[in-house]
Amino acid sequence: QQPVQSPQAVILREGEDAVINCSSSKALYSVHWYRQKHGEAPIFLMILLKGGEQKGHDKISASFNEKKQQSSLYLTASQLSYSGTYFCGTDKGANTGKLIFGQGTTLQVKP
Amino acid sequence: DTAVSQTPKYLVTQMGNDKSIKCEQNLGHDTMYWYKQDSKKFLKIMFSYNNKELIINETVPNRFSPKSPDKAHLNLHINSLELGDSAVYFCASRQEFGGIYFGPGTRLLVL
């Protein structure tokens, strides 16, 4: 079952904040976040494991609420380099290896 | 040093032909994948291998046949190519409980 991301697209000015949500109808073991720029491969950002984790590096952080089967990605004081498509990926079991991706959220940061 | 590499980068071919894509990872990861990304950017898992053993085989036409000669290599052979096979094919690798590292992608266009 594919996770659902919202919103589908976001347009920001440099310095603004954004939140991207990822929801699943099934119980989750872990949630991954990736960013893909046009014409490039997706790049791994972070993984959150079962246990209500919150992670972050630089101005990008994420949370995982396993009870609600939801994860959110927070982009703070966005930079032009944050533009791209963000994907969440969900893993239902303890490292089943089967990562199912959401449909993606396109983020455009304007100067 | 390229972590996950795949060749060729571009593949343009006629319907009905057979083609192969090669992938190698030098990260020492145990698990390798093939993902397909369509024109709407949907990333769909096709196959997963763990230490040369097939562990995930999604509902992919049997015209697609993966082969893993060793845990650092995972190739994809496609027989009787169809128009609908046009997409970007990503090879990827992952260590247990870690993120997925994608190759640069192979852009396949079937004419």
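Note that this is a predicted model, so its numbers are computed, not measured.

Analysis parameters
- Residues numbered from 1 in each chain as written.
- Chains lettered and ligands numbered in written order.
- Predicted model: local features only at pLDDT ≥ 70, side-chain atom pairs only at ≥ 80, totals over all residues.
- Heavy atoms only, no water.
- Helix = DSSP H or I, 4+ residues; strand = E, 2+ residues; numbered from the N terminus.
- Buried < 20%, exposed > 50% of the residue type's maximum accessible area, 1.4 Å probe, protein only.
- Salt bridge = Lys/Arg side-chain N within 4 Å of Asp/Glu carboxyl O.

### Considering unusual backbone geometry
Most peptide bonds are trans, and most residues other than glycine sit at a negative phi. Residue Pro-7 of chain A is bonded to the preceding Ser-6 of chain A through a cis peptide linkage, with omega at -5°. Tracing the sequence through the fold places Pro-7 of chain A in the loop between strand E1 (4-6) and strand E2 (9-13). Even without being glycine, Asn-51 of chain B reaches a positive phi, approximately 50°. Examined against the element boundaries, Asn-51 of chain B turns out to sit in the loop between strand E5 (43-50) and strand E6 (53-57). Of note, Ser-80 of chain B is a non-glycine position whose phi angle comes to about 45°, a positive value. Mapped onto the secondary structure, Ser-80 of chain B falls in the loop between strand E8 (73-78) and strand E9 (87-94). Ser-80 of chain B gets classed as partly exposed once you look at its relative accessible area, which sits at 37%.

### Examining the pattern of salt bridges
All names here are of chain B. Under the counting rule described, the total for this entry stands at 5 salt bridges over all chains. The closest approach of N and O atoms between Asp-85 and Arg-63, which form a salt bridge, is 2.8 Å. In this pair, Asp-85 sits in the loop between E8 and E9 while Arg-63 sits in the loop between E6 and strand E7 (64-70), placing the two residues 22 residues apart along the sequence. Per residue, the accessibility class of Asp-85 equals that of Arg-63, and both read buried.

By themselves these figures say nothing about function.
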